[in-house]
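# Residue-level structural notes
Residues per chain, in single letters:
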Amino acid sequence: MKVSDGSLLGDPGRTPLSKKEGVKWQRPRLTRQALMRCCLVKWILSSAAPQGSDSSDSELELSTVRHQPEGLDQLQAQTKFTKKELQSLYRGFKNECPTGLVDEDTFKLIYSQFFPQGDATTYAHFLFNAFDADGNGAIRFEDFVVGLSILLRGTVHEKLKWAFNLYDINKDGYITKEEMLAIMKSIYDMMGRHTYPILREDAPLEHVERFFQKMDRNQDGVVTIDEFLETCQKDENIMSSMQLFENVI
């Protein structure tokens, strides 16, 4: 059973689990095991071809796709993935998305497979929009791996900026209570009964209210990126809970 508190940022009302999981951010180990905790990585690696494919794969080239990805060296410089990891990720991505692009329906399918006990449709929609930076309805391989690199191996500042973008549903530079509540509810809906402790119906709203009490410093009803970053980086519990990102990514 997958256990999660249902939040990308934890519960600001809870006591930190331990001093070790406090403010100091520890960079994740760069292992395949760590990668395989991520649903999106599980999905693409499950379709990856065996090692030893032709040399064109090693340079991330595929003449039959509509979208031609950038070179391996450039992607390696942009991300925190190794050359071998990028090769494996691309093989799986190519097999699942031969056009070189992934659409929203594919995201919904991925999360329905990994969270069959709940309804993942809405969360998959929000997550897809966070990856789809230019809003054109399709995600390129480059955008995909750059986003994964931030979520799995980015600094805490990078992860927080990505989280802000996820919560800022209409991309106007502010997070409202309604936007944060929509994300929270979508995560709870996706997790279904597999949350601990078992959630009351009003738990998402209470969670959002606690966040806004801490983050909305000028009490104007919205949270800016500066308020978000400052509050999160000063909150020991939120910082430690950043390691829970991979529970719902």
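About the criteria used
- Residues numbered from 1 in each chain as written.
- Predicted model: local features only at pLDDT ≥ 70, side-chain atom pairs only at ≥ 80, totals over all residues.
- Heavy atoms only, no water.
- Helix = DSSP H or I, 4+ residues; strand = E, 2+ residues; numbered from the N terminus.
- Buried < 20%, exposed > 50% of the residue type's maximum accessible area, 1.4 Å probe, protein only.
- Contact = heavy atoms within 4.5 Å.
- Areas by Shrake-Rupley, 256 points an atom, 1.4 Å probe, with all protein chains shown as cover.
- Axes fitted to C-alpha atoms, helices over the stretch in contact; angles between N-to-C directions.
- Parallel < 35°, antiparallel > 145°, perpendicular 65-115°, else oblique.
- Left-handed = near helix turned anticlockwise from the far one by under 90°.
- Nonpolar A, V, L, I, M, F, W, Y, C, P; charged D, E, K, R; others polar.
- pLDDT = per-residue confidence, 0-100.
- Polar contact = N/O pair within 3.5 Å; in protein donor to acceptor, adjacent residues only side chain to side chain.
- Salt bridge = Lys/Arg side-chain N within 4 Å of Asp/Glu carboxyl O.
- UniProt positions renumbered as here; feature names shortened; annotations may be inferred.

Looking up the chain in an unreviewed UniProt entry gives the name Calsenilin isoform X6, with the organism given as Equus przewalskii.

Turning our attention to the overall build of the chain. Helix and strand counts for the chain come out as 13 helices and four strands. Going through the 249 residues of the chain one by one, you find that 48% of them count as buried. For the chain, the proportion of contacts with a sequence separation of at least 24, taken over those separated by at least 6, is 74%. Accessible surface computed for the chain: about 12200 Å², of which carbon and sulfur atoms make up 50%.

Looking now at unusual backbone geometry. Here the phi dihedral of lysine 171 falls at roughly 55 degrees; this positive angle occurs in a residue that is not glycine. Tracing the chain through its elements places lysine 171 in the loop between α9 (156-167) and β3 (174-176). Given the relative accessible area of 38%, lysine 171 is considered partly exposed. In this structure, glutamine 219 is a non-glycine residue whose phi angle is positive, near 55 degrees. By the element assignment, glutamine 219 lies in the loop between α11 (203-215) and β4 (222-224).

Another aspect to go through is the packing of helix α7 (residues 121-131) against helix α10 (residues 177-191). At their nearest, the axes of α7 and α10 sit 7 Å apart, and the two run at 130 degrees to each other. When the interaxial angle is binned, α7 and α10 end up oblique. Of the two possible hands of crossing, α7 and α10 adopt the one that is left-handed. Contacts from Thr122, Tyr123 and Phe126 in α7 reach Ala182, Ile183, Ser186, Ile187 and Met190 in α10. For the contact of α7 with α10, a count of residues per class yields six nonpolar, two polar and no charged.

Per-residue confidence for the chain gives a mean pLDDT of 78, with 69% of residues at or over 70. This model gives residues 15-30 a pLDDT under 50, and the stretch forms 25 contacts once residues within four places in sequence are excluded. Confidence drops under a pLDDT of 50 for residues 51-66, and excluding neighbours within four residues, the segment shows 30 contacts in the predicted structure.

Glancing now at the side chain of glutamate 85. Tracing the backbone shows glutamate 85 in helix α5 (residues 83-96). Since its relative accessible area comes to 12%, glutamate 85 is described here as buried. Within the structure, glutamate 85 has its side chain in polar contact with the backbone nitrogen of threonine 82 (distance 2.9 Å).

Here the focus is the pattern of salt bridges. For the structure shown, the criterion picks out nine salt bridges. In this structure, glutamate 104 engages lysine 108 in a salt bridge whose closest nitrogen and oxygen atoms are separated by 3.3 Å. Here glutamate 104 and its partner lysine 108 are both found in helix α6 (residues 104-114), four residues apart, which amounts to about one turn of the helix. Lysine 108 sits in the partly exposed class, given a relative accessible area of 26%. The closest approach of N and O atoms between aspartate 143 and arginine 140, which form a salt bridge, is 3.1 Å. Under the relative-accessibility criterion, arginine 140 is labelled partly exposed at 28%. One continuous salt-bridge network, built from bridges that share partners, spans Arg140, Glu142 and Asp143.

Mapped onto this numbering, the UniProt entry gives "domain: EF-hand" (unreviewed entry) at residues 119-154, 155-190 and 203-238. Overall, residues 203-238 shows 72% helix and 8% strand. The separation of its end C-alpha atoms is 17 Å.

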